[in-house]
Amino acid sequence: MDICRLTAHEIREKYHQKELTVVDVTKAYIEKIKQEDEKIHAIITVCEEEALKQAHEVQALFDQGEKLGRMAGIPIVIKDNICTKGIKTTCASKMLENFVSPYDATVIEKIKKEHAIIIAKANMDEFAMGGSTENSAFFKTKNPVNLSKVPGGSSGGSAAAVSSSMAPVALGSDTGGSIRQPASFCGIVGMKPTYGLVSRYGLVAFASSLDQIGPMTKDVEDNAMLLTYIAGHDEHDTTSSKKENVDYTKALTADVKGLKIGVPKEFMGEGVNSEVKESVLKAIDVLKAKGAVVEECSLPTAEYALPAYYIIACAEASSNLGRFDGIRYGYRTKNFENVHDIFANSRTEGFGPEVKRRILLGTYVLSSGYYDAYYKKAQKVRTVIKQEFDKAFQKYDVLITPTAPTTAFDIGSKINNPLEMYLSDLLTVSINIAGVPAISIPCGEDSEGLPIGMQVIGKHFDEETIYRVAYTYEQSEK
Amino acid sequence: MEIQKEEIIHIANLSNLNLSDAEVSKYTEDMKQIVEFANKVNEVDTSSVKETAFITDSVNVFRKDEVIKSMDRKELLQNAPSSNGEAYSIPHVL
């Protein structure tokens, strides 16, 4: 049996049947990382010692007959912008190269309580800024499906790790598409939950009004299971919702009869590759055949989501990244005579080019004379976009679009043109702007054999319907 | 109005970033393109709407005014580039 090919729910089944031990499984994945990551470079830190220690402890609990939750003994990879006590959290930046968080993020506390096993921290675009994982200060991650292609980003390490079976499940973060786009490029399932469903405490902030942590998995069932355990109110994050916890796996029924699906035409237009379009339309037909009612609809302001997003996200980033001053934590320059030198030289030497570009843009749109024209205006556009989604959801249960306009592109092909790179977020950013949840699930491949992702968007806090649609499609394709 | 080099130098100063001449040129070109793209937001009629800063409805979430255990000073200072064991160390300001 190839342990690393299993999903988390299959591993759990094998634990119950006593066919596998937690130590076997943890060792198998650590071994897999050592073999595979030489060519893929998805992992920044392997937590071998801690993981094996924990594996023995969890197995001991199983042996004592303890009733453990569904994530018990499941290896997991964590994006390196989520704080893990005692394990480095680098954000793939020279600025945090040696940073060891003194506390666990709330999601980490939650999965530790469930006895999941953190085996590694994953590569990403520096501070989650990018769509290809080429902006990592350490190394570029490759797409496991085709090593000359990018894995997408910014959660490219997490996506590549799951896609290449270095872990059954991973956590990523999504500010404008950073879970869904890499999931699409690597052929896995990635969910960006409703803003406020998952606590952001301990997630290194990029754009606080848009960031969400979410699960990246091989199938929909694992995804629903992992979200069930990381969701919920947290007093450390005042924006987290007080909504009652839901077991999302209960929503996994393969039935979409009578469900109303809207297909926004603006997401199928110019700039979307024809093979991608065709695959998504085919997938929609499958749902139609299962009894869903499909209609074309319109979100006319959606095309303005991308410029609004870059204004809002960069404004928030320039403010959030002000904390990196070379004094309390992170990189400090060796070249200083006074405090101002520490600030400026540490930031200049510690941040990479894309991070600087976004700090500059953010500072520009917030600076005197431009604040109203850009930042305030973008926030008003945000209101219009949100209203359009609200209106669409009065009529439809879910909206379906492609996740990304193209499949994975060549490494190096967009890195010198920031605006072109930003366009790969074209179909995902409006979801963060509106704060609604959306999943990316695989729906075929292009003529080069590269995975194509379908995006299913739901109402605020209606992850259950999204999972139902995703599960129905996934089961019918088995 | 196109972004000029002087503006990039000004916002780099505001951001506490030092840019080389080559970087100023590069970022000026990048920003011209990006800001032109960002200007598209002006095509949207927003005369009848207010800004949305946060997507949730919650405002002013307060916690109880209670003393709780804070993080351990020693642990926090472990990440400091320089400290005297009790506080962060920086060069003289005055």
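Residues numbered from 1 in each chain as written. Chains lettered and ligands numbered in written order. Predicted model: local features only at pLDDT ≥ 70, side-chain atom pairs only at ≥ 80, totals over all residues. Heavy atoms only, no water.

Glancing now at empty space enclosed by the protein. Residue and element names in this part refer to chain A. This structure, assessed with the given rule, holds two cavities of 30 Å³ or more. By volume, the largest cavity is sized at about 60 Å³. Lining the largest cavity, in full, are Ala128, Gly130, Gly131, Gly153, Gly176, Gly177, Ser178, Phe206, Tyr309, Tyr310, Arg358 and Asp425. Taken together, the residues of the lining of the largest cavity break down into four nonpolar, six polar and two charged. The space that makes up the second largest cavity amounts to roughly 50 Å³. As for the second largest cavity, its lining consists of Leu197, Thr228, Ala231, Gly232, Ser241, Lys243, Glu244, Asn245, Val246 and Tyr248. By residue class, the composition of the lining of the second largest cavity is four nonpolar, four polar and two charged. (1 Å grid on protein atoms, 1.4 Å probe; cavity = no way out; pocket = protein on both sides within 12 Å on 5 of 7 lines; lining within 4 Å. Points joined across faces, edges and corners; volume = space filled by probe spheres on them. Nonpolar A, V, L, I, M, F, W, Y, C, P; charged D, E, K, R; others polar.)

The next thing to look at is helix H3 (residues 48–63) of chain A. Within an α-helix, residues lying three or four positions from one another point in the same direction, as the helix has 3.6 residues per turn. Residue and element names in this part refer to chain A. Under the 1.5 Å per step criterion, the end-to-end length of H3 is 22 Å for 16 residues, consistent within 8% with the ideal 22 Å. Taken together, the buried residues of H3 touch helix H1 (8–16), helix H2 (22–40) and strand E3 (117–122). At the exit of H3 stands Gly65, carrying a positive phi of roughly 80°. (Helix = DSSP H or I, 4+ residues; strand = E, 2+ residues; numbered from the N terminus. Expected span 1.5 Å × (residues − 1). Contact = heavy atoms within 4.5 Å.)

Turning to the pairing of E3(A), a few remarks are in order. Residue and element names in this part refer to chain A. In terms of residue burial, E3 counts as a mostly covered element, since six of its six residues are buried. Bridging between strand E1 (residues 43–46) and E3 involves three bridges; their strand directions are antiparallel. Bridge pairing links Val46 to Ala120 in E3. The pairing of strand E2 (residues 75–79) with E3 spans five bridges and is parallel. When the sheet's bridge partners are listed, Ile78 is paired in E3 with Lys121. Handedness of the crossover joining E2 and E3 through helix H4 (residues 106–113) is recorded here as right-handed. (Buried < 20%, exposed > 50% of the residue type's maximum accessible area, 1.4 Å probe, protein only. Pairing = 2+ DSSP bridges. Right-handed = clockwise from strand over helix to strand, strands pointing away.)

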